[in-house]
Amino acid sequence: MNNVEIATPLRKQAEESLRKAILSGRYDAGERLKERQLMESLGVSRTLLREALRQIEAEGLVTLVPNRGPVVSVLSYEDAEEIYEVRGILESQACIGFVLRASSGHVRKLEAVFARLKAAAEAGDVNATLELSGDFYDVILEGSGNKILSSMLKLLHNRIILLRRTSMSEAGRLPETLDELTQMFNALRARDESAASKASIHHVRQASRAALRVMRKGQ
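Residues numbered from 1 in each chain as written. Predicted model: local features only at pLDDT ≥ 70, side-chain atom pairs only at ≥ 80, totals over all residues. Heavy atoms only, no water.

### Description of the nonpolar core
The following threshold applies: Residues belong to a common nonpolar core when they are buried Ala, Val, Leu, Ile, Met, Phe, Trp, Tyr or Cys residues joined through side-chain atoms within 4.5 Å. Relative accessibility thresholds used throughout: buried, under 20% of the residue-type maximum; exposed, over 50%; partly exposed, between the two (1.4 Å probe, protein chains only). By definition, any uninterrupted DSSP run of H or I lasting at least four residues is a helix, any uninterrupted run of E lasting at least two residues is a strand, and each is numbered from the N terminus. Only heavy atoms matter for contacts: two residues are in contact if any of them lie within 4.5 Å across the pair.
Core analysis: the biggest nonpolar cluster contains 65 residues, and Phe136, Ile140 and Leu188 have the highest contact counts within it. In terms of residue count, the dominant contributor to this core is helix α4 (residues 77-101) (nine residues). For Leu188, the contacting residues outside a window of four places in its chain are Cys95, Phe98, Val99, Leu110, Phe136, Ile140 and Ala196.

Structure, rendered in structure tokens:
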């Protein structure tokens, strides 16, 4: 095995670890990421770390600031508004695609994920609910059968996760989220195209309002 073959999985592991750390909230928005500390914590060379940082930067999670180095990206209020606007359109279409094309296997998979999501939300576990929300949408995208739609949403994926964490930080948002996702789930399982689309749009609008309220308070 040559050095390139060894480096590739190490870089991928570094990317995944760094991505998870940022998305979990371990680093604050705007926080500087110190190379030496990252090299030690991730167990990679400076070259591999910088390659991993370039990938994370391309995903919108890190910004390279001149004379300062990499910092955790800060989503502006305007960024959030635009992301939610696009997200609402794409996820609504994904729900329509699921209703029209999902197999019975996809429906069973959605039922299993939603059962775990519901249990996490009812237990008040925000982190587990956030993670399972991602799994819930992954099944919807898979069942929608639209590869272009999936690739477009994946470009926004990490920033959507950051905004979900922001919206869920508002008091009372967790039970509201469960109610909204329950409406979506019931419509998808019933193969009700109109209801699924409306429930999806409603959920994104409510999430947007919550996240933007939190962001306004922080300004």
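The discussion continues.
### Structural notes on the pairing of strand β1 (residues 62-65)
Quick note on the threshold: Any two strands are treated as partners once DSSP identifies two or more bridges connecting them.
Of the strand pairs in this sheet, β1 and strand β2 (residues 69-72) are connected by four bridges, and their pairing is antiparallel. Within the sheet, the bridge partner assigned to Val65 lies in β2 and is Gly69.

### Some words on the pattern of salt bridges
The condition that has to hold: Note on definitions: salt bridges are taken to be side-chain nitrogens of Lys or Arg within 4 Å of carboxyl oxygens of Asp or Glu.
Inspection of every chain in the model, using the stated rule, returns 13 salt bridges. Between Arg11 and Glu51 there is a salt bridge, and its shortest N-O distance comes to 3.8 Å. On the criterion of sequence distance, the pair formed by Arg11 in helix α1 (residues 3-23) and Glu51 in helix α3 (residues 46-58) is long-range, its members being 40 residues apart. In this structure, Arg87 engages Glu91 in a salt bridge whose closest nitrogen and oxygen atoms are separated by 3.0 Å. Of this pair, Arg87 and Glu91 both sit in helix α4, four residues apart, which is roughly one turn of the helix. For the residue pair Arg87 and Glu91, the accessibility class agrees, reading buried in each case. One salt-bridge network, held together by shared partners, links Arg11, Glu15, Glu16, Arg19, Glu51 and Glu59.

### A closer look at the packing of aromatic side chains
Geometry of an aromatic ring pair is reported as the spacing of the ring centres plus the angle between the planes. Under the convention used in this document: In this scheme Phe, Tyr and Trp rings, the latter by its six-membered ring, pair at centre separations within 6.5 Å, and the angle between planes marks the pair as stacked below 30 degrees, edge-to-face above 60, and tilted otherwise.
What the rule picks out here adds up to three aromatic pairs. Between Phe114 and Phe136 the ring centres are 6.0 Å apart and the planes differ by 50°, which places this aromatic pair in the tilted class. Of this pair, Phe114 sits in helix α5 (residues 104-122) while Phe136 sits in helix α6 (residues 126-144), and the two are 22 residues apart along the sequence. A centroid spacing of 5.9 Å and a plane angle of 85° characterise the contact between Phe136 and Tyr137, whose relative ring orientation is edge-to-face. Taking the relative accessible area as the measure of exposure, Tyr137 reaches 8% and is therefore buried. The structure contains a cluster of three or more aromatic residues connected by ring pairs, namely Phe114, Phe136, Tyr137 and Phe185.

### What to know about empty space enclosed by the protein
As a reminder, the rule being used: We place a 1 Å grid over just the protein atoms. Points where a 1.4 Å probe fits but has no way out form a cavity, open points with protein on both sides within 12 Å along at least 5 of 7 lines form a pocket, and any residue with an atom within 4 Å of a point lines it. Grid points are joined across faces, edges and corners, and a volume is the space filled by probe spheres set on the points.
Tallied over the entire structure, the rule returns one cavity of 30 Å³ or more. Here the largest cavity defines a volume of roughly 90 Å³. Those elements that place two or more of their residues in the lining of the largest cavity are α6, α7 (147-168), α8 (173-189) and α9 (193-218).

### Brief notes about α9
Given 3.6 residues per helical turn, the α-helix brings residues three or four places apart onto the same face. Rules: The length a helix should cover is 1.5 Å for every residue beyond the first. The term polar contact refers here to a pair of N or O atoms within 3.5 Å; inside protein, the definition further demands a hydrogen-donor-capable atom paired with an acceptor-capable atom, and it admits residues adjacent in sequence only when both atoms are side-chain atoms.
With 26 residues, α9 ought to run about 38 Å at 1.5 Å a step, and its terminal C-alpha atoms sit 38 Å apart, in line with that. Lining the buried residues of α9 we find α4, α6, α7 and α8. Taking the backbone nitrogen of Ser194 as reference, a side-chain oxygen 3.4 Å away marks Asp192 as the first, capping residue of α9.

### Observations concerning the packing of α5 against α6
In helix packing, the relevant descriptors are the interaxial angle and the interaxial distance, both defined with respect to the helix axes. Which entries qualify depends on this criterion: Only the stretch in contact is used when fitting a helix axis, every axis being a line fitted to C-alpha atoms; angles between N-to-C directions are given from 0 to 180 degrees. Comment on the angle field: the value is read as roughly parallel under 35 degrees, roughly antiparallel over 145, roughly perpendicular from 65 to 115, and oblique elsewhere. A crossing counts as left-handed when the near helix is turned anticlockwise from the far one by less than a right angle, and as right-handed when that turn is clockwise. Residue polarity follows a fixed list, in which Ala, Val, Leu, Ile, Met, Phe, Trp, Tyr, Cys and Pro are nonpolar, Asp, Glu, Lys and Arg are charged, and the others, Gly among them, are polar.
Running from amino to carboxyl end, α5 crosses α6 at an angle of 165°, the nearest separation of the two axes being 9 Å. Compared by their axis directions, α5 and α6 come out roughly antiparallel. The way α5 lies across α6 gives a crossing that is left-handed. In this structure, α5 contributes His106, Lys109, Leu110, Val113, Phe114, Arg116, Leu117, Ala120 and Ala121 to the contact, and α6 contributes Ala128, Thr129, Leu132, Ser133, Asp135, Phe136, Val139, Ile140, Glu142 and Gly143. In the contact of α5 with α6, the residues fall into 11 nonpolar, four polar and four charged.

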